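Chain by chain, the residues run as shown.
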There are 2 protein chains.
Amino acid sequence: MNFLEERILKDGIVKEGNVLKVDSFLNHQMDIALIDRIGEEFYERFKDKKITKVLTIEASGIAIACAVARCFGVPMVFAKKSKSVNIDGDVYVAEVESFTHKTQNRVIVSKRFLGPEDHVLIVDDFLANGCALQGLISITEGAGATVEGLGIVIEKGFQFGGRAIRNLGYHLESIAIVESMDAEAGSVQFADQGK
Amino acid sequence: MNFLEERILKDGIVKEGNVLKVDSFLNHQMDIALIDRIGEEFYERFKDKKITKVLTIEASGIAIACAVARCFGVPMVFAKKSKSVNIDGDVYVAEVESFTHKTQNRVIVSKRFLGPEDHVLIVDDFLANGCALQGLISITEGAGATVEGLGIVIEKGFQFGGRAIRNLGYHLESIAIVESMDAEAGSVQFADQGK
């Protein structure tokens, strides 16, 4: 078991409906030492790639992306959720469905911060149906930039998002892959990634 | 002139309507070395206080708050913008008006992450009319915790937010205070803080 899986077992809370609450250390209250350790883990897994930008989506991806960008010594860019119906020509746009809120979000990245010269590592805290990641892939490729890889903190392996993105040929790494959860027993099973 | 004022003059863009765009290094694309330097600056200014939590509001405050929390060796908590009309009893709530979007946001913090034992440093990237800060103060004091200080990256000194909060007796530190801006000339004048 790796450091993150151990922490999930220790402090994660399993709720009905396949909800895993990790808000005491990852996405509401944040344990900075853990966030930094996650950054180093992604650096280890992608350090052979030439990364020029780390891309994520607001809000809880921001801390992770900062920790990764620090290790690579590159800027971090976060896609913003936009309320505007009218988007000017200066931004890349993607439509993203939120698993948690069941809402449709328009996310944008300014064209000034992504271009054909960029080699991008996309990171986020959770991967379920993969809509957020697909939006970030679409924005990166729309900019003519190269998706060098995707780093996820916690993947819900029983949903289809991760499989869909790997099937498309992308290099996706998740530090913990949850295979199943049981709210009654409060238990979590992880996929054996052989690492 | 300090490191942040220099960076604003170099890379900030002044737009009509007293808008200062710093999205190339602070709140869309992020320069991690600068963010870390800001964290150290707030640590220097508040290190005599006994801080147990750093509190901010999503989204662009998160990176700053992580950098500060790392220096103090304490957890970071970010208030979440909530879409739900029905809030259960497990959260502290404040109403916050957004200067940028002219909208009303309900922000929440779980009661599990703030309590009477906490000594809180509140941080954010921008201070204009002070609504976000007042919401975070209200949440902190509603939890019975102590507001030890407030750290702002860029304060708009010509708006009333900073004065109102200082008049209430809070220890508010801003790294850069913009006194005036001129969109036509592209110029920014900073308040002389005598530091």
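Read on for an overview of the structure. (Residues numbered from 1 in each chain as written. Chains lettered and ligands numbered in written order. Predicted model: local features only at pLDDT ≥ 70, side-chain atom pairs only at ≥ 80, totals over all residues. Heavy atoms only, no water.)

### Overview of the packing of helix α3 (residues 61-72) of chain A against helix α3 (residues 61-72) of chain B
Stated formally: In this description, a line fitted to the C-alpha atoms serves as the axis of each element, helices being fitted only across the stretch in contact, and the angle between N-to-C directions of two axes falls anywhere from 0 to 180 degrees. Secondary structure elements are taken from DSSP: a helix is a run of H or I of four residues or more, a strand is a run of E of two residues or more, and numbering for both begins at the N terminus. Take the far helix as the reference: if the near one is turned anticlockwise from it by less than a right angle, the crossing is left-handed, and if turned clockwise, right-handed. Note on contacts: a residue pair qualifies if any of its non-hydrogen atoms lie within 4.5 Å across the two residues. The classification used treats Ala, Val, Leu, Ile, Met, Phe, Trp, Tyr, Cys and Pro as nonpolar, Asp, Glu, Lys and Arg as charged, and all other residues, Gly among them, as polar.
Relative to each other, α3 of chain A and α3 of chain B sit at 65 degrees, their axes nearing to 9 Å. Considering how the two elements wind past one another, α3 of chain A and α3 of chain B form a crossing that is right-handed. Here α3 of chain A contributes Ile62, Ala63, Cys66 and Arg70 of chain A to the contact with α3 of chain B, which in turn contributes Ile62, Ala63, Cys66 and Arg70 of chain B. For the contact of α3 of chain A with α3 of chain B, the class distribution of residues is 6 nonpolar, no polar and 2 charged.

### Some remarks on the relation of the copies chain A and chain B
This is how the line gets drawn: Copy-to-copy superposition: least squares on the C-alpha atoms, limited to residues that have pLDDT of at least 70 in both copies.
Rotating chain A by 180 degrees about the axis while translating it 0.0 Å along that axis superimposes it on chain B, leaving an RMSD of 0.0 Å. Each copy turns onto its partner about a two-fold axis. Taking the C-alpha atom as reference, chain A places Ala59 of chain A closest to the rotation axis, 2.5 Å from it. Most of the interface of chain A is mirrored in chain B, where 100% of its interface residues again form contacts.

### Overview of a positive patch on the surface
Heads up, the condition is: Each patch is built from residues lacking any salt bridge and having more than 30% relative accessible area; the joining distance is 9 Å for like charges and 5 Å for nonpolar side chains (Val, Leu, Ile, Met, Phe, Trp, Tyr). Residue-level accessible areas treat just the shown protein chains as cover; the underlying method is Shrake-Rupley with a 1.4 Å probe. Criterion for a salt bridge: a side-chain nitrogen of Lys or Arg within 4 Å of a carboxyl oxygen of Asp or Glu. Within this scheme the basic residues Lys and Arg register as positive and the acidic residues Asp and Glu register as negative, but His and the chain ends are omitted. Every charge is mapped onto a representative atom, which is NZ of Lys, CZ of Arg, CG of Asp or CD of Glu.
On the surface, a cluster of positive charge is contributed by Lys81 and Lys83 of chain A together with Lys81 and Lys83 of chain B. Relative to the helices and strands, Lys81 of chain A resides in strand β5 (residues 76-82).

### Quick look at the environment of Lys80 of chain B
Selection rule: Burial here depends on accessible area, computed with a 1.4 Å probe over protein chains only, as a share of the maximum for the residue type. Under 20% is buried, over 50% is exposed, and the range in between is partly exposed.
As for its placement among the helices and strands, Lys80 of chain B is situated in strand β5 (residues 76-82). Under the relative-accessibility criterion, Lys80 of chain B is labelled partly exposed at 26%. Counting along the chain gives 97 residues from Lys80 of chain B to Ile177 of chain B, while the straight-line C-alpha distance between them is 26 Å. Those residues within four positions of Lys80 of chain B in sequence are excluded, and the remaining contacts are Asn27 and His28 of chain A together with Glu58, Arg106, Val107 and Ile108 of chain B.

### Structural notes on the interface of chain A and chain B
What counts is decided by this rule: For any pair of parts, buried area is found by adding up, for both, the accessible area (1.4 Å probe) each one loses once the two are put together.
Across the contact, 33 residues belong to chain A and 33 residues belong to chain B. In this assembly, chain A packs against chain B so that about 2700 Å² is buried in total across both faces, 59% of it on carbon and sulfur atoms. The largest share of the area that chain A buries against chain B comes from His28, Gln29 and Ile32 of chain A, three residues that together contribute 24% of it. Along the contact surface separating chain A from chain B lie 4 salt bridges.

### A few points about helix α4 (residues 131-142) of chain B
Given 3.6 residues per helical turn, the α-helix brings residues three or four places apart onto the same face. Residue and element names in this part refer to chain B. Quick note on the threshold: How far a helix is expected to stretch is found by multiplying one less than its residue total by 1.5 Å.
When the terminal C-alpha atoms of α4 are compared, their 16 Å separation across 12 residues agrees well with the 16 Å that a helix rising 1.5 Å per residue should span. For α4, the full list of buried residues reads Cys131, Leu133, Gly135, Leu136, Ile137, Ile139 and Thr140. Gly144 lies just past α4 and shows a positive phi near 80 degrees.

### Description of unusual backbone geometry
For residues other than glycine, phi is negative in most cases, and the peptide bonds are mostly trans. Residue and element names in this part refer to chain A. Cis rather than trans, the peptide bond between Glu58 and Ala59 has omega equal to 5 degrees. When you line up the elements, Ala59 lands in the loop between β4 (53-57) and α3. A positive phi angle, close to 55 degrees, is found at Asn18, a residue other than glycine. Residue placement: Asn18 occurs in the loop between β1 (13-15) and β2 (19-21). Taking relative accessible area as the criterion, Asn18 reaches 34% and is therefore assigned partly exposed.

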